[in-house]
Amino acid sequence: MWLAALRALTLTAAPDDGLDPSVAQKLITEAVDSRGAYALLTQLVDATGPRLSGSPGADRAVAWGVEQFQALGLEARKEPVLVPVWVRGVERGEVLGAPGRPATPLALTALGGSPGTPPGGIEAEVVEVSSLAELRDRGATAKGRVVFFNHSMAVAADYKRFGELRSKGPAEAAKLGALAALVRSLATASLRSPHTGAAQFPAGGRSIPAAAISVEDAELLHRLLAKGPVRVHLELGCKILPDATSFDVVAELRGRERPEEVVLVGAHLDSWDLATGAQDDGAGVAVVVEAAKLLAKLPVRPRRTVRFVLFMNEENGLRGAKTYAADHGADVDRHVAAMEFDAGAGKPLGVAVKAGPGGAAIVERWLPPLVPLGAGVLSGEEAGGADLTPLAPARVPVVQLIQDSSRYFDIHHSAADTLDKVDPEAFSKTSGAATWLIYALAESPEVLPRPPAPPPAAASGTGQ
Ligand SMILES: [Zn+2]
C-alpha cells in the first residue's frame, strides 16, 4: 500500500531539508484519498465546455477560476490580456476521384490561425514533403499547389521533433506560393480524428488556409501520391475576428515570513475548441486549484507567497504569459521559482529542475515523499512550460513534475480530449506530488539558485 510506504519513509528518512515530513504525508494523503483535483476537473469541463480564447467558454472559465479561489478565502484578481479571436466554420475536403479510384472525403480540421478559403473552396494538386528543409529544396513545385506535410510521429517525444511542420510549415509553404497546407495530425493514435493546433503566420507575411488531416487520411494521400498526381478540394470557413479582452486569473496565498518572495504556480485556462480540453489543460488547472485548497487549509502558511496563475491563450498566442511577464516587470525578479502544469493527467514519474549549480541537490532532498507515488526520481529532462518561457530572461528557476505522457498525444488537441480519458487514481497521485513540491518550494529555508540567462531566441513559443 502506498500509504504505509509513505508513512514509513516520512517517519524514518526525514530529509535534512528543514521541512516537516508530516506535512508531506498530510498533503499527499489528502490529495490522493479525496481525489479533489478530479472533482474540480469534472466541474470545470462540465461547467465551461471548450475554452478557446475569446469564446464564451473562455469567459466562463475566467469566472469559474475567480470563484474557486475566492471560495478558498484567497485574494483573486483578473489581469486583462488582449487575445486573438479565431473561429472555426464549415470545414470539408476530399481527394478528387480519378480513373480507377473514387473520390474520398478527408477527415480534417482547420489549424488555429488559418484563414478561410474563398467561398466554394479551392482545388489543386498535392505535393508531399516530410520536413521544412525538403519543402525549401522543392521550392517552385509548391507554387499553386496544396503542400502536404507528412511525418512519422509514433511516440510522445516526437511532438517536439515534428511540431514545426504544423506551427511553421503553412507559413513556409505560403512564402513559396502554395495555395493551402495539409498537415498530418501530430498524434500517437488515431480513430480518424484530426488533431488541431496553432499554425503561426508572422505579421505582414502571406497566410494560406491550413488544416490537419487524420493519420489515416495522411497514409491514404501518401499511397496515392506514390502512384501519380492527386488533386484535392478544400473548403474552410474559419475566420479571424478583431482581438478581444480576456484575462489571466491570479490568486495569492501570502507567505508568513517572506511574503515578497513569490513561487509562481501556473496552468492554462484556455483549450482548443474541438473538445473540453480535459487534459489540455483542464487537468493542470485542477491541479493548481486543488493545491491552493490544500495549502490554504494548512494550520501554518508556507514561508513564501504562492501565486496561482491561470493563464489565458497558451494555445494560440501565449498572450496571457507574455502579458503577465510584461506587466509584472521588476516584480518578476522576486519570483524565486515557477512550476507549470500542462502535460495532461498522467501519473507522476519524477521531477525535473532548471536552476543554477546546486539547485538539483536541493530538490533531491524533497523526493523521498514522492517515492511511494512512483515519482521519487530526479529527471534528466530540463524543466519547462510554455507559459513560463517569457520569465526565462529574468532567470526564474523552474521545477517540473514529469508525468506519464505515453497516451497523452492519442487525444491531444482533438475532439477526444474529454474527461473519460482521465484515470482518477493516476491523476490524484499527480495532484498529491504537485502539492508537495509547491509546498517545498514555498517553505524550504533555501531558495534555488537562478539558472544562467537563456539565448535571446529561446524566450518564445506557443501551443504545447
Ligand atoms: Zn496545453
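Above this note sits the structure.
Owing to the predicted nature of the structure, the values given are computational and were not obtained by experimental measurement. (Residues numbered from 1 in each chain as written. Predicted model: local features only at pLDDT ≥ 70, side-chain atom pairs only at ≥ 80, totals over all residues. Heavy atoms only, no water.)

Within the chain one finds 13 helices and 15 strands. Compactness check: the chain gives a C-alpha radius of gyration of 23 Å against a globular reference of 23 Å for 464 residues, within 12% of the reference. With the C-alpha coordinates of the chain rotated into their principal frame, the extents come out at 75 × 45 × 40 Å. Across the 464 residues that make up the chain, the buried fraction comes to 58%. By sequence separation, contacts in the chain at least 24 residues apart represent 83% of the contacts at least 6 residues apart. Just so you have it, the chain exposes about 17500 Å², and 56% of that area is on carbon and sulfur atoms. Placing the 46 positive and 54 negative side-chain charges of the chain at their respective mean positions leaves the two points 3 Å apart. (Helix = DSSP H or I, 4+ residues; strand = E, 2+ residues; numbered from the N terminus. Rg over C-alpha atoms; globule rule 2.2 N^0.38 Å. Buried < 20%, exposed > 50% of the residue type's maximum accessible area, 1.4 Å probe, protein only. Contact = heavy atoms within 4.5 Å. Areas by Shrake-Rupley, 256 points an atom, 1.4 Å probe, with all protein chains shown as cover. Lys, Arg positive; Asp, Glu negative; His and termini not counted. Charge placed at Lys NZ, Arg CZ, Asp CG, Glu CD.)

What follows concerns the pattern of salt bridges. All chains considered together, the criterion is met by 28 salt bridges. Residue R88 pairs with D273 through a salt bridge whose shortest N-O separation is 2.6 Å. Here the residue R88 occupies a position in the loop between strand 1 (75-87) and strand 2 (91-95), and D273 occupies one in the loop between strand 11 (258-268) and helix 9 (278-296), the gap between them amounting to 185 residues. Where E446 meets R365, a salt bridge forms, and the shortest distance between an N and an O atom there is 2.4 Å. (Salt bridge = Lys/Arg side-chain N within 4 Å of Asp/Glu carboxyl O.)

The terminal C-alpha atoms of helix 8 (residues 215-227), which comprises 13 residues, lie 19 Å apart, in line with the 18 Å expected from a rise of 1.5 Å per residue. The complete set of buried residues in helix 8 reads V215, D217, A218, L220, L221, L224 and L225. (Expected span 1.5 Å × (residues − 1).)

The next subject is the coordination of the zinc ion. Within the protein, the zinc ion binds to H268 (NE2), D280 (OD), D342 (OD) and D342 (OD); these donor distances fall in the range 1.9 to 2.7 Å. Read N to C, the donor residues that coordinate the zinc ion are spaced as H-x11-D-x61-D. Of this pair, H268 sits in strand 11 while D280 sits in helix 9, and the two are twelve residues apart along the sequence. Side by side, H268 and D280 carry an identical accessibility label, which is buried. (Donors = N, O, S within 2.8 Å, 3.2 Å for Na, K, Ca; no water.)

What follows covers the sheet that holds strand 7 (residues 180-184). The eight strands lie next to each other as 3-2-9-5-6-7-8-4, forming an open sheet whose pairing is mixed. What marks the edges here is a single partner per strand, and that holds for strand 3 (104-105) and strand 4 (108-110). The pairing of strand 5 (residues 122-129) with strand 6 (residues 146-149) spans four bridges and is classified as parallel. Looking across to strand 6, one finds that V127 is bridged to V147. (Pairing = 2+ DSSP bridges.)

This next bit is on the packing of helix 2 (residues 21-34) against helix 9. At a minimum axis separation of 11 Å, helix 2 and helix 9 run at an interaxial angle of 130°. Taken together, the axes of helix 2 and helix 9 lie oblique to each other. Crossing geometry of helix 2 relative to helix 9 is assigned as right-handed. Judged by residue contacts, L27, E30, A31 and S34 of helix 2 engage E290, L294 and L295 from helix 9. Taken together, the residues that form the contact of helix 2 with helix 9 break down as four nonpolar, one polar and two charged. (Axes fitted to C-alpha atoms, helices over the stretch in contact; angles between N-to-C directions. Parallel < 35°, antiparallel > 145°, perpendicular 65-115°, else oblique. Left-handed = near helix turned anticlockwise from the far one by under 90°. Nonpolar A, V, L, I, M, F, W, Y, C, P; charged D, E, K, R; others polar.)

The values are spatial; any link to function lies outside them.
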